[in-house]
Amino acid sequence: MCEKALSRELEIRCLELHDRVYIESWLIEQEFAGFAMSSKGEMELAVDGWMQSVPKRAGLIAVSRGVACGFVVLNLSKKKKIMHHALISILVDVSYHRQGVGWQLLEELQVRAREEFYLHFLCLEVVVTNHAAIQLYKKAGFTEVGVRKNFYCVQPNQLQDILVMELPLIKRKDGRT
């Protein structure tokens, strides 16, 4: 199930190859939006990777009144020992920030990750200065599990830390998540 109308104004559906143009335009408009990329070539490589989720139906896109406004992707591993979790990538068009788009994408992704991909954990990385995103992730149940010091080179001689966050999707035998 890849189509879900969450309200009259917002629909969540599976990511399709033609949605690439929206993702690229959002990344360019938001100067790569905190992702680890610094050129159009690096952006294209990242989007190529995200588009690999399309045949697996592991990516979602939000559409508001016919306009694409955000996406989220499960970056699934082919390695057997780590197939129980996935790193996610999420991006919302800046004109739709703080309108619930990211929240609804995360909500739907959690259900799909658990019920269709049988994942135990979702993981993400976020620049420590992206306070709005961190607040959203915490509201969605993610917790901080670490910091990568000086991980991103924002500009020459300017390094930035990132938070590593995780969301358990299944309950442990002791009843905790």
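Residues numbered from 1 in each chain as written. Predicted model: local features only at pLDDT ≥ 70, side-chain atom pairs only at ≥ 80, totals over all residues. Heavy atoms only, no water.

## A short note on the overall build of the protein
The condition is simple: The helix count covers DSSP runs of H or I at least four residues long, the strand count covers runs of E at least two residues long, and both are numbered beginning at the N terminus. Note on method: radius of gyration uses C-alpha positions; expected globular size equals 2.2 Å times residues raised to 0.38. Burial classes follow relative accessibility: with a 1.4 Å probe on protein chains only, a residue under 20% of its type's maximum area counts as buried, one over 50% as exposed, and anything between as partly exposed.
Within the protein, the secondary structure is distributed over four helices and eight strands. For the protein, the α and β elements follow one another from N to C terminus as β-β-α-α-β-β-β-α-β-α-β-β. The C-alpha atoms of the protein give a radius of gyration of 16 Å, which matches the 16 Å a tight globule of 177 residues would have. For the C-alpha atoms alone, the extent of the protein along its principal axes is close to 45 × 40 × 30 Å. Looking at the protein residue by residue over its 177 residues, the buried ones come to 41%.

## Structural notes on the pairing of strand E7 (residues 143–155)
Filter applied, for reference: When DSSP finds at least two bridges between two strands, those strands are taken to pair.
As defined by bridge partners, E7 adjoins strand E8 (residues 158–168) across eight bridges and the pair is classed as antiparallel. If you follow Gln155 over to E8, its bridge partner there is Gln158.

## Side note on the confidence of the model for the protein
Under the convention used in this document: As a per-residue measure, pLDDT tells how confident the predictor is, with possible values from 0 to 100.
Averaged over all residues, the pLDDT of the protein equals 87, while 91% of them reach at least 70. Confidence, read as mean pLDDT per element, is least for strand E1 (residues 3–5) in the protein (49) and greatest for strand E3 (residues 59–64) (95).

## Observations regarding the packing of aromatic side chains
What counts here: Note on aromatic pairs: the rings of Phe, Tyr and Trp (six-membered ring only in Trp) are paired at centre separations within 6.5 Å, and the planes decide the class, stacked below 30 degrees, edge-to-face beyond 60, tilted for the rest. Think of it as a cone above the ring: NZ of Lys or CZ of Arg counts as a charge over the ring if it is within 6 Å of the ring centre and within 35 degrees of the ring normal.
Counting across every chain of the model gives four aromatic pairs. Look at Trp50 and Phe71: their rings are 5.2 Å apart centre to centre, the planes differ by 55°, and that puts the pair in the tilted class. Separated by 21 residues along the polypeptide, Trp50 in helix H2 (residues 40–51) and Phe71 in strand E4 (residues 67–75) bring together distant segments of the chain. Neither residue differs from the other here; Trp50 and Phe71 are each classed as buried. Lying over the aromatic face of Trp103, Lys139 brings its terminal NZ or CZ to 4.7 Å of the ring centre.

## Considerations on helix H4 (residues 131–139)
Under the convention used in this document: Arc, as used here, means the arc of the directions from the helix axis to the C-beta atoms.
The set of residues buried in H4 consists of Ala133, Ile134 and Tyr137. Here the buried residues of H4 occupy an arc of 100° about the axis, which is enough to place them on one side. Within H4, the exposed residues directed more than 90 degrees away from the buried face are His131 and Lys139. Gly141 sits one or two positions beyond H4 and adopts a positive phi of about 105°.

## Digging into the layout of surface pockets
Counted only if it meets this: Cavities and pockets were defined on a 1 Å grid built over protein atoms only: a cavity is a set of grid points that admits a 1.4 Å probe from which the probe cannot escape, a pocket is an open set flanked by protein on both sides within 12 Å along at least five of seven lines, and lining residues are those with an atom within 4 Å of any such point. Grid points are joined across faces, edges and corners, and a volume is the space filled by probe spheres set on the points.
Its volume calculated, the largest pocket comes out at about 940 Å³. What lines the largest pocket is a set of 34 residues, and nearest its centre among them are Ile90, Asn130, Ala133, Leu136 and Tyr137. At the level of secondary structure, the elements contributing two or more residues to the lining of the largest pocket comprise strand E5 (85–92), helix H3 (101–115), strand E6 (121–127), H4 and E7. The computed volume of the second largest pocket comes to approximately 280 Å³. Among the elements that take part in the lining of the second largest pocket, E7 stands out by supplying four residues, more than any other.

## Some words on the environment of Ala36
Definition in use: Note on contacts: a residue pair qualifies if any of its non-hydrogen atoms lie within 4.5 Å across the two residues.
Here Ala36 is to be found in the loop between helix H1 (20–29) and H2. Residues within four places of Ala36 in sequence aside, it is in contact with Glu42 and Tyr152.

## Some remarks on the pairing of E3
Remark: a regular strand shows side chains that alternate across the two faces of the sheet. Along E3, six of the six residues are buried, which leaves the element largely enclosed by surrounding structure. By the alternation rule, side chains of E3 split into Gly59, Ile61 and Val63 and Leu60, Ala62 and Ser64, which are all buried. As paired elements, strand E2 (residues 10–14) and E3 share five bridges and run antiparallel to each other. Residue pairing across strands places Glu11 opposite Val63, the latter belonging to E3. Note that E3 and E4 share six bridges and pair antiparallel. The residue of E4 that forms the bridge with Ile61 is Phe71. The hairpin turn running from E3 into E4, its antiparallel successor, is two residues long, and Arg65 in that turn takes a positive phi close to 50°.

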